[in-house]
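Examining the three-dimensional arrangement
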Amino acid sequence: MDSIIVTGNGPLNGDIPIAGAKNACLALMPATLLSEEPLTLTNAPRLSDIKTMTALLESLGAEVTKMQDGKVIAMASHGEISPVADYDIVRKMRASNLVLGPLLARMGHAVVSLPGGCAIGARPMDLHVDALTAMGAEIELKEGYLHAKTNGGLKGAVHELRFASVGATENVLMAATLAKGTTVLKNAAREPEIVDLADCLRKMGAQIEGDGTSTIEIQGVDRLHGATHPVVTDRIELGTYMLAPAFCGGEVTCLGGRIDLIGAFCEKLDAAGIEVTECARGLTVKRRGDRIKAVDIVTEPFPGFPTDLQAQMMALLCLADGTSVLEEKIFENRFMHAPELVRMGANIDVQGGVATVHGVEKMKGAPVMATDLRASVSLILAGLAAEGETIVNRVYHLDRGYERVEEKLGNVGAKIERITGQ
Ligand code: UD1
């Protein structure tokens, strides 16, 4: 298994290109199942999660071709499609559940394995099931698989999600494009990845209004056609690299970055003493003083502070002047990076979903273990500013969501290398 070694050093300066969003791409890829005509995605990220979705779509009978070193993904689902998403692939990645809505819409039935437990919480699928049931699906859990069928296809419905789940919103959005009649989804998620999916579906001929707000209306159509769509910028990769100069000084421009993707995060950076300037090329970030100020964070659905940036922000606040309180409201078990940061000299007290971080002046390099995707990158960021060498083990989590991290940080002056394991 690969490890990454980071040696804390001086300021970082230069440009970091931001890739297309993993979470958008994972929702866009299953949309190919909605049409017999080709769907091509450009600006796709090169990540292991995308390989997993590719394998899943291929196992269902879709053709997936990667071009330009993986940045372009051409898909076609004109052949026979299998309705069964197997446990062996689904267990690797929860986003595999995004084939449920498209399969039901196209075939009227689907058998999709439940994703199973995940390091950051239980992550059930009840919200997906309730919404699709409201649209006329009958769904039963048998031997770990959701068996879903419809009587003559899905029907439009008015449904309110109990929680604005990103995945449930995406499944309903895709399913409703081919349902009979109009679907109104209330308390829908408003994340930029939802808007990106709706944009792509509209290019394919879907009739959707209200995406980006909490009520989305979808008028079902008889068929969707092919399209080409660029994947939106990854706001989580963007936020992660924006933090690099906050840790160790310097000035970094994140190419392709936009404040509207990440407004709540930028407000907290400002309060912590970090300056963000929007320019034509992206977002330029630098620290105002030598020391970061403490700030309190509560994670919330978009447009609130994203849970996927909580670990990285906690790593930064470990070095702040004062005490910060971070409250995790989306996932019940998402502080697994805290004990690793403590091994590097941080002072963090976790009580349930609340972490109190007492800032220290310096952290020290240590061997640490990455426990999930965002936790792994938070340890790399901490290593950038720590004294000595930080060895981040088990970086396969990192490769799920960050392409070429050592190259991107190395190019702006970080001392970082990957050690390839067995
Ligand atoms: C997506 C993102 C993930 C991000 C999360 C929250 C992708 C591929 N992943 O995950 O990176 O951290 O949004 O912004 O886009 N829940 C239920 N029942 C359900 C569905 C969800 O209780 O049927 C709960 C989950 O356990 C969790 C919360 O709702 O506590 C948020 O989940 P959701 O918004 O669905 O996240 P994902 O779509 O899985």
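Source: prediction; values computed, not measured.

Notes on the sheet that holds strand β5 (residues 72-76)
Read from one edge to the other, the open sheet built from four strands follows the order β4-β5-β3-β14, with strand pairing classed as mixed. Each end of this open sheet is capped by a strand with a single partner; those strands are β4 (63-67) and β14 (227-230). With direction set aside, neighbouring strand axes in the sheet form an average angle of 15°. Bridge count for strand β3 (residues 39-42) against β5 is three bridges, and the pairing is antiparallel. Each residue of the ladder has a partner; that of leucine 41, found in β5, is isoleucine 73. Sheet contacts for helix α2 (residues 48-60): β4 and β5; angle to β4, the most-contacted strand, approximately 150°. Contacts between helix α7 (residues 192-203) and the sheet are confined to β3 and β14, with β14 contributing the most and set at about 160° to the helix.

Structural notes on the domain arrangement of the protein chain
Segmenting the protein chain into domains produces domain 1 (3-19 + 233-419) and domain 2 (22-230). Using only C-alpha atoms to locate each centre, domain 1 and domain 2 end up separated by 31 Å. Across the boundary between the two partners, domain 1 contributes 24 residues, which contact 18 residues of domain 2. Buried surface at the junction of domain 1 and domain 2, summed over both partners, amounts to about 1900 Å²; 49% is from carbon and sulfur atoms. Contact with domain 2 buries surface across domain 1, with Phe302, Arg400 and Glu403 losing the most and accounting together for 30% of the total. The interface formed by domain 1 and domain 2 contains four salt bridges. Where glutamate 403 meets arginine 46, a salt bridge forms, and the shortest distance between an N and an O atom there is 3.1 Å. For the pair domain 1 and domain 2, the number of links is eight residue pairs in polar contact (both at pLDDT 80 or more). Those elements giving two or more residues to the side of domain 1 that touches domain 2 turn out to be α13 (373-385) and α14 (396-401). Counting residues per element, the side of domain 1 that touches domain 2 draws most heavily on α14, at three residues.

Criteria and thresholds
- Residues numbered from 1 in each chain as written.
- Predicted model: local features only at pLDDT ≥ 70, side-chain atom pairs only at ≥ 80, totals over all residues.
- Heavy atoms only, no water.
- Pairing = 2+ DSSP bridges.
- Helix = DSSP H or I, 4+ residues; strand = E, 2+ residues; numbered from the N terminus.
- Axes fitted to C-alpha atoms, helices over the stretch in contact; angles between N-to-C directions.
- Contact = heavy atoms within 4.5 Å.
- Domains from an automatic or database assignment.
- Buried area = accessible area lost by both parts, 1.4 Å probe.
- Salt bridge = Lys/Arg side-chain N within 4 Å of Asp/Glu carboxyl O.
- Polar contact = N/O pair within 3.5 Å; in protein donor to acceptor, adjacent residues only side chain to side chain.

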